[in-house]
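# Structural features, examined
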Amino acid sequence: MLELLAPAGNLEMVKAAVDSGANAIYVGARGWSRRRDAYELSDEQLHDAIGIAHAGGVKLRVAVNTNMQSCELPTLLQKMEKFVAWGADGAIMTDVGAIAQVHRRFPHLVLHASIGANIVNNQDVAFYRSIGVSQVVADTKLTLRELASRQAGLDVGIEILIHANNCYTYLGKCWMSPYHRLERTTDDFGKDLFRGSPNRGGLDYRVCLEDWELYDGSALLEPHIALKNDAFFYLDDIPALIDLGVHCLKIQGREYPVPLVASIVRFYRELIDAYQAKPAEEAFDLAPWRLRLEAIRAERDSRRSNMTLVLLNEARQPVPHRA
Amino acid sequence: MGAFELNTTLSNLRDLRQSDLSAYDAVYLGNIYCRLFEDNFLERMDHLKEGIARVKEQGLRAYVTSYAAPRNDALPKVQIALETAAAAGADGVEVHNLGVLRMVHEQFPAMPSHVGGFANVYTDAGAQVLKEYGAVRFTPNYEISLEEVEGIARGAGIPAELQVHGKMPLGVSDYCFLLEYEQHWPEKCPVLCQKQLFLKQGDWAMRSVGKGVLSGRDLCMLEHLPTLVEAGHRIFRIEAAYETPAYRGQIGQVYRDALERVLGGDATVDERAWALIGEHTAVGLCNGFYFGRTGSEYVGKRVEAAAAC
């Protein structure tokens, strides 16, 4: 069955995603996922989230997809003991060492290779499969042709991001943000945070979205350079993805307001259901869906632009150095 | 290997012919970012074969690198490059992609694999997994601190290779934005990205190579070499894939001299070295993330000199 996977950055969003038709939800363990801690859940909240999801017949996955420090691996395993005992249905991970250790300890837990693992070819998929991963998030540059070959040749579930950012660089292989600002702090639970490094669990300052000037040595070549970083919604490709038999359509957006995320989840739920319900010989008209998506896109773009300005401003602030 | 290994990077045969490599013990051949880079060793097997031979004739070890993010359509070429490297007697291959590591492990088990900086080694457990796949050394992810690097090397039981000078990789892309603008400029692909192109805004600067982004400032660990040596590190890289032969030769000599002095118990740095480094630096120096701070910062006694570069 095709799964619609929704984000949740708080308990209210968990409930909204369940009510809006998600088949599965992912949440970040506070300090351990690729978002700032404001959009992550404490262990207690995570326990409640599992309860809400399961009561609605929805699976819940825990994102522990930071590139952590070696010394943090024992703590991760302790946390995973709790999450598994509470009924978490899977873990989303990046670090190959952490994946291998979690797989050894919990061999029946479904492990998802995060977008941060940046899996770009079929040999990559085979590598992650060999260390215990059974689901991989496709990178945002994946073409339908590549997807078809991956579906045909590999015993692995493929997750496609249908709402996410298509960065200029490959996700998981970019540290432009912490090059400009990295603030080390420790949260109330002793977790080392790396504000400025999305790979290490902190926020991304989106410095790529700065209005850059391009110089050749000291000579100005172009006064305005925009590095591509588009937030996208899949629409035209959704029928093809369903026909190809992808396992999961994933929505990103833990950082957005609950009503906006709920409307995105509901939109895709209804789109998938409508496409799957139509007789095979009938054409599927995307025009009304396109119109409906435009309103959602406008609100998302407004929120995103505002957030980008806040982040770029924050990136210019001096870093208070730790003693 | 002698007391230490100092290596550098070369993208094509022209660069190899023009570079004085006397300061080095080993060379990585190939450009990891772009298949269209002018006569990239990884696309020109005749050049790769000749390059390996030329490097070995100079008594150096010849390593062959591979693409940072190869998609499916690049894998056949990666396969041919690996076959060429093995047949020509390369001393090792650098892999940034774990799928390529798997290819090397399964098809060329005798070939030593060096895990590159884009392979994202952040933990000792991660390095241990890669060691089981044949890795004999690793370049840590550029985001981690020296303290973390030491723990990984100790925990996994394989040595780290550390970049000690040059522009630090900050990101890799499948898309060259320079192609959008090249009609405005006299230079075109595949030489455009070899110009000294910088993305700037206020006091921010990054070096652009089209499909990759590098630090604007040159990472410089010259004054910190005693710390690195004391921690047990012996493999060092001057990153120079997009630099001039003069940069490669002169900066290499600065570090060779300094490393020999440090290993001989003399931690002083020749003041002329700072002047030379300054001549080869466009927007200053940094220490990357080695000290757990913002990557563009410089830490140490030479802050003023670094800023003046």
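In short, a report on the structure. (Residues numbered from 1 in each chain as written. Chains lettered and ligands numbered in written order. Predicted model: local features only at pLDDT ≥ 70, side-chain atom pairs only at ≥ 80, totals over all residues.)

### Concerning the overall build of chain B
Check the secondary structure of chain B and you find eleven helices and twelve strands. The C-alpha atoms of chain B give a radius of gyration of 18 Å, which matches the 19 Å a tight globule of 309 residues would have. By its C-alpha atoms, chain B is 50 × 50 × 35 Å across when sized along the principal axes. Burial status across chain B gives 57% buried among its 309 residues. In chain B, of all internal contacts separated by at least 6 residues, the share reaching a separation of at least 24 is 64%. (Helix = DSSP H or I, 4+ residues; strand = E, 2+ residues; numbered from the N terminus. Rg over C-alpha atoms; globule rule 2.2 N^0.38 Å. Buried ≥ 20, exposed ≤ 12 C-beta atoms within 10 Å, placed from the backbone. Contact = placed C-beta atoms within 7 Å.)

### A word on the interface of chain B and chain A
Counting residues at the interface gives 55 residues for chain B, matched by 54 residues for chain A. Looking at the side of chain B that touches chain A, the elements that each hand over two or more residues are α4 (98–107), α5 (124–132), α6 (146–156), β7 (161–172), β8 (197–201), β9 (204–208) and β10 (212–220) of chain B. No other element matches α4(B), which puts six residues into the side of chain B that touches chain A. Tallied by class, the residues present in the side of chain B that touches chain A amount to 27 nonpolar, 19 polar and nine charged. Bridge analysis of strand β10 (residues 212–216) of chain A against β8(B) gives four bridges, and the strand direction is antiparallel. Bridging across to β8(B), A:D216 finds its partner in B:L197. (Nonpolar A, V, L, I, M, F, W, Y, C, P; charged D, E, K, R; others polar. Pairing = 2+ DSSP bridges.)

### A few points about helix α4 (residues 96–105) of chain A
The element α4(A) is extensively covered by neighbouring structure, given that seven of its ten residues are classed as buried. Along α4(A), the positions that sit buried rather than exposed are A:V96, A:G97, A:A98, A:I99, A:A100, A:Q101 and A:V102. The elements touched by buried residues of α4(A) are α3 (73–86), β4 (90–93) and β5 (110–113) of chain A together with α5 of chain B.

### Some thoughts on the packing of helix α5 (residues 122–130) of chain A against α4(B)
With their axes 7 Å apart at the nearest point, α5(A) and α4(B) run at an angle of 80° to one another. In terms of axis orientation, α5(A) runs roughly perpendicular to α4(B). For the pair α5(A) and α4(B), the contacting residues are A:Q123, A:D124, A:A126 and A:F127 in the first and B:L98, B:G99, B:V100, B:L101, B:R102 and B:M103 in the second. Considering only residue class, the contact of α5(A) with α4(B) consists of six nonpolar, two polar and two charged. (Axes fitted to C-alpha atoms, helices over the stretch in contact; angles between N-to-C directions. Parallel < 35°, antiparallel > 145°, perpendicular 65-115°, else oblique.)

### Looking at the nonpolar core
If you look at the biggest cluster of nonpolar residues, it comprises 193 residues, and the most contacted ones within it are A:A17, A:I25, A:V27, A:Y268, B:V27, B:L29 and B:Y255. No other element matches the eight residues that helix α9 (residues 258–277) of chain A contributes to this core. Contact partners of A:Y268, with chain neighbours within four places excluded, come to A:L4, A:I162, A:L249 and A:I251. (Core = buried A, V, L, I, M, F, W, Y, C linked by C-beta atoms within 7 Å.)

### Remarks on the environment of B:C286
Residues and elements named next belong to chain B. Along the chain, the position of C286 falls in strand β12 (residues 285–286). Looking at C286, the number of C-beta atoms within 10 Å reads 24, which means it is buried. Distance from C286 to K131, taken between C-alpha atoms, is 31 Å for residues 155 residues apart in sequence. Excluding residues that lie within four positions of it along the chain, C286 makes contacts with S215, R217, L219, G295, S296, E297 and Y298.

### What to know about the packing of helix α2 (residues 45–57) of chain B against helix α3 (residues 75–87) of chain B
Residue and element names in this part refer to chain B. Orientation of α2 relative to α3, taken along the N-to-C sense of each, is 30°, at an axis distance of 10 Å. Here α2 lies roughly parallel to α3, going by the angle between them. In the packing of α2 onto α3, the handedness of the crossing is right-handed. Residues M45, L48 and K49 of α2 lie in contact with α3, whose contacting residues are I80, A81 and T84. Here the contact of α2 with α3 is built from residues that sort into four nonpolar, one polar and one charged. (Left-handed = near helix turned anticlockwise from the far one by under 90°.)

### Considerations on unusual backbone geometry
All names here are of chain B. The residue after C189, namely P190, is reached through a cis peptide bond having omega 15°. Along the chain, the position of P190 falls in the loop between α7 (178–181) and β8. In the Ramachandran plot, D39 falls in the positive-phi region, its phi being about 50° despite a non-glycine side chain. Along the chain, D39 falls in the loop between β2 (26–29) and α2. With a phi close to 60°, N120 is a non-glycine residue in the positive phi region. Relative to the helices and strands, N120 is located in the loop between β5 (113–115) and α5. Classification of N120 by C-beta neighbours within 10 Å gives buried; the count is 26.

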